[in-house]
Amino acid sequence: FGCRDTAEADIRVHPAPIAQFVASPAVGCTPLPVNLQDLTIGAVSMDWQFGDGASLAGGPGNVSHTFANTAPDPVTYAVRLVATSSFGCTDTAVVPVQVYPPVTAAFTLPAEVCSPATITLNDESIGATQWLWSMGDGNTLVGSTVTHTYTNTSNADVTYTVTLTTTSAYGCSRSVQHQVVVHPMPNAAFMALPFTMQYPAATVSITNNTASGPWSHAWTFGDGGTSAVEEPGGHTYGTWGTYTITLVVSANMCTDTARQDVVILPPLPVARFTGSGTGCAPLTVSFTNTSQGALAYQWDFGDGGTSIAVHPVYTYYTPGTYTVTLVATGIGGGTATAVKVDSVVVHPSATAYFILQPDHVVVPSQPVFTYNLSGNANGFVWDFGDGTFSNDLNPVHYYQQAGTYDVSLVANNEWNCPDTFALAAAVTAISAGEIDFPNAFTPGNSGPTDGVYDPRSFDNDYFFPKYSGVQEYHLQVFNRWGELVFETFDVKKGWDGYYRGRPAKQDVYAWKAYARFSTGEETRLSGDVTLLR
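I will try to describe carefully the structure that is included in this document. (Residues numbered from 1 in each chain as written. Predicted model: local features only at pLDDT ≥ 70, side-chain atom pairs only at ≥ 80, totals over all residues. Heavy atoms only, no water.)

1. Describing the overall build of the chain
Here comes step 1: Within the chain one finds zero helices and 49 strands.
Here comes step 2: For the chain, the C-alpha radius of gyration of 72 Å lies well beyond 24 Å, the compact-globule estimate for 533 residues.
Here comes step 3: In terms of principal-axis extent, the alpha carbons of the chain reach across some 265 × 55 × 40 Å.
Here comes step 4: In the chain, which comprises 533 residues, the share counted as buried stands at 38%.
Here comes step 5: Put simply, of all contacts in the chain between residues at least 6 apart along the chain, 59% involve residues at least 24 apart.
Here comes step 6: Summed over all atoms, the accessible surface of the chain reaches about 28300 Å², with 51% contributed by carbon and sulfur. (Helix = DSSP H or I, 4+ residues; strand = E, 2+ residues; numbered from the N terminus. Rg over C-alpha atoms; globule rule 2.2 N^0.38 Å. Buried < 20%, exposed > 50% of the residue type's maximum accessible area, 1.4 Å probe, protein only. Contact = heavy atoms within 4.5 Å. Areas by Shrake-Rupley, 256 points an atom, 1.4 Å probe, with all protein chains shown as cover.)

Written out as structure tokens, the structure is:
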């Protein structure tokens, strides 16, 4: 049929918006504030999706958002912008934002220290790979652990600010600061003089040599005494010993200590004694010790004898002059000496001794002869036991009565140091009677004598009888003309051959004699004697 029909319709196409934006910065360290610059065209509304769960809806225009990263590695956030036109048309733009992992700066520092203070600082940061330390005194150190010494030479506190700057591998950095107060350190020093004393000297002089500063001072003297003054001046101890003086100087938390020992020696003893003597050996002397402050004693008596007694009694046996010495030892071992020169004089004693001959005699005519063997003696007293005494050196004694006699000798010397020796029953005296005359003799030519002869002599110079027991005696000698040339009543005297001071001539002479004996008997004798020249 060729028929046609035609229809027409209008279609309107609305323009779509163009979504676009710029992230600035697009890369950075957490927390990262990002400015999102809206460059969208034809949009009337905007829907922002930041990729970290946060979103923002609104009209066109720039927005900003802070991105954070708590992970150890970088995180990339896809920031999405959905732009909508007035006709409901939309467009989407996506821009990535990369956020680096976090880095922290952290360390600990003492609030105050004493100079000189050596401090070791350890990094306590997270995520750091580089560390820069500014020590506050012009010194800069690097490393995760650093050591630094602060010195304060003044008398006031000094405060230093320490800054740590850390940097991560991604170039992120953080800084932290702490302050430290460095106190000046006192240097305690003093001198106590003298170092050593002998009690009762017990006072030390103390000089504080600590440099001046805001210090407090604490003294202890070792004996319980204390002081808080800066200059104590001195201290007196109550007894001997070794004492440690201590000075503690402090300010705030800073303290220094100085010490010194002081030695007070025990007192020296005082050595004294009394005791001396002069006398005969053996001489005993008592010594009285008057020493003070001593514990032990050593005596030297000068003759080699010693003693450790307090009050010794000593006997000297050897004559001489002696010096006595006392050494007193005190508590600490110190000694003192007392000396008395020539304080003891010992004189030698006489030694009495004798022998007698014979020990049997006939009274009264037979003598007892003494032999004095005494030593150190110049005076003698003999006692023959019959009431008679003698001071002779070697007396000859005649007993008058029969009996047994004790004989003693007292020997003495110039120092009156006597000794006695005695013999009991030393001599036995008996009664007897005997007399016999010689018939010749040969007188000497040395002149007339007293007629006393020595009956023990072998000379024949005298005319005398051999006798015993004669108590009474009478002898007469006549020349040939009957002239009396010699007469004696003493049996101990004989004729020496002289007449009227001249030698009698050689001749024969007549004699007659009378004797009464200790037995009571009497005899009369006569005869002649030849004088030979």
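2. So, the state of the cysteines
Here comes step 1: The final tally for this structure, using the stated rule, is three disulfides.
Here comes step 2: Two residues share a disulfide in this structure: Cys29 and Cys172, whose sulfurs sit 1.9 Å from each other. Taking the sign of the S-S torsion, -95 degrees for the link of Cys29 and Cys172, the bridge is left-handed. With Cys29 in strand 2 (residues 27-29) and Cys172 in the loop between strand 14 (158-167) and strand 15 (173-183), this pair connects stretches of sequence that are 143 residues apart.
Here comes step 3: The class for Cys29 is partly exposed, based on a relative accessible area of 23%.
Here comes step 4: A relative accessible area of 1% means that Cys172 is categorised as buried.
Here comes step 5: Sulfur-sulfur distance for the disulfide between Cys114 and Cys254 comes to 1.9 Å. Its S-S torsion of about -105 degrees marks the bond between Cys114 and Cys254 as left-handed, since a negative value means left-handed. (Disulfide = S-S within 2.5 Å.)

3. Quick look at the layout of surface pockets
Here comes step 1: In this structure, the largest pocket spans a volume of roughly 430 Å³.
Here comes step 2: Lining the largest pocket are 18 residues; nearest its centre among them are Pro455, Phe464, Pro465, Lys466 and Tyr467.
Here comes step 3: With three residues, strand 43 (residues 466-468) is the single largest residue contributor to the lining of the largest pocket.
Here comes step 4: Along the lines of polarity and charge, the residues of the lining of the largest pocket split into eleven nonpolar, four polar and three charged. (1 Å grid on protein atoms, 1.4 Å probe; cavity = no way out; pocket = protein on both sides within 12 Å on 5 of 7 lines; lining within 4 Å. Points joined across faces, edges and corners; volume = space filled by probe spheres on them. Nonpolar A, V, L, I, M, F, W, Y, C, P; charged D, E, K, R; others polar.)

4. Observations regarding the sheet that holds strand 44 (residues 470-478)
Here comes step 1: Overall, mixed pairing links the five strands, which are arranged 42-49-48-44-45 in an open sheet. Of all strands in the sheet, those with a lone pairing partner are strand 42 (440-441) and strand 45 (484-488), marking the two edges.
Here comes step 2: Two strands pair when backbone bridges link them, and strand 44 and strand 48 (residues 507-517) are joined in this way by eight bridges, in the antiparallel orientation. Across the sheet, the residue bridging to Tyr473 is Ala515, located in strand 48. (Pairing = 2+ DSSP bridges.)

5. Re unusual backbone geometry
Here comes step 1: In this model, Gln357 is joined to Pro358 through a cis peptide bond whose omega is -15 degrees.
Here comes step 2: Within the secondary structure, Pro358 is located in the loop between strand 33 (354-357) and strand 34 (360-363).
Here comes step 3: Note that the residue after Val363, namely Pro364, is joined by a cis bond; omega there is -5 degrees.
Here comes step 4: Considering the arrangement of structural elements, one finds Pro364 in the loop between strand 34 and strand 35 (367-372).

6. Description of the sheet that holds strand 21 (residues 234-236)
Here comes step 1: The strand order across the open sheet formed by three strands is 16-18-21, and the pairing between neighbours is antiparallel. Taken across any chain shown, the strands that pair with only one partner, and hence form the sheet edges, are strand 16 (190-193) and strand 21. The mean inter-strand angle of the sheet, taken between neighbouring strand axes irrespective of direction, is 20 degrees.
Here comes step 2: Here four bridges tie strand 16 to strand 18 (residues 203-208), and the two strands are oriented antiparallel to one another. (Axes fitted to C-alpha atoms, helices over the stretch in contact; angles between N-to-C directions.)

7. Regarding the environment of Ala211
Here comes step 1: With respect to the secondary-structure elements, Ala211 resides in the loop between strand 18 and strand 19 (216-220).
Here comes step 2: Look at Ala211 and you get exposed, because its relative accessible area is 54%.
Here comes step 3: Remark: the alpha-carbon pair of Ala211 and Ala188, spanning 23 residues in sequence, is separated by 7.8 Å.

8. Points about the packing of aromatic side chains
Here comes step 1: Applying the stated criterion to the full structure yields 30 aromatic pairs.
Here comes step 2: Between Phe463 and Trp511 the ring centres are 6.2 Å apart and the planes differ by 55 degrees, which places this aromatic pair in the tilted class. Taken together, the positions of Phe463 in the loop between strand 42 and strand 43 and Trp511 in strand 48 put the pair 48 residues apart, joining distant regions of the chain. There is no split in this pair, since Phe463 and Trp511 are both buried.
Here comes step 3: Aromatic side chains Phe486 and Trp495 sit 6.5 Å apart centroid to centroid with 25 degrees between the ring planes, which places their arrangement in the stacked category.
Here comes step 4: Taking relative accessible area as the criterion, Trp495 reaches 1% and is therefore assigned buried.
Here comes step 5: What links up through ring pairs into an aromatic cluster is the set Phe273, Phe287, Trp299, Phe301, Tyr314, Tyr316 and Tyr322. (Phe/Tyr/Trp six-rings, centres within 6.5 Å; stacked < 30°, edge-to-face > 60°.)

9. Some points on the pattern of salt bridges
Here comes step 1: All chains considered together, the criterion is met by four salt bridges.
Here comes step 2: We note a salt bridge from Glu472 to Arg516, for which the minimum N-O separation is 2.9 Å. Taken together, the positions of Glu472 in strand 44 and Arg516 in strand 48 put the pair 44 residues apart, joining distant regions of the chain. (Salt bridge = Lys/Arg side-chain N within 4 Å of Asp/Glu carboxyl O.)

10. Some remarks on a nonpolar patch on the surface
Here comes step 1: Taken together, the side chains of Tyr353, Ile355, Tyr371 and Leu373 present a nonpolar region at the surface, about 350 Å² in accessible area.
Here comes step 2: By secondary structure assignment, the location of Tyr371 is in strand 35. (Patch = residues over 30% accessible without salt bridge, like charges linked within 9 Å, V, L, I, M, F, W, Y side chains within 5 Å.)

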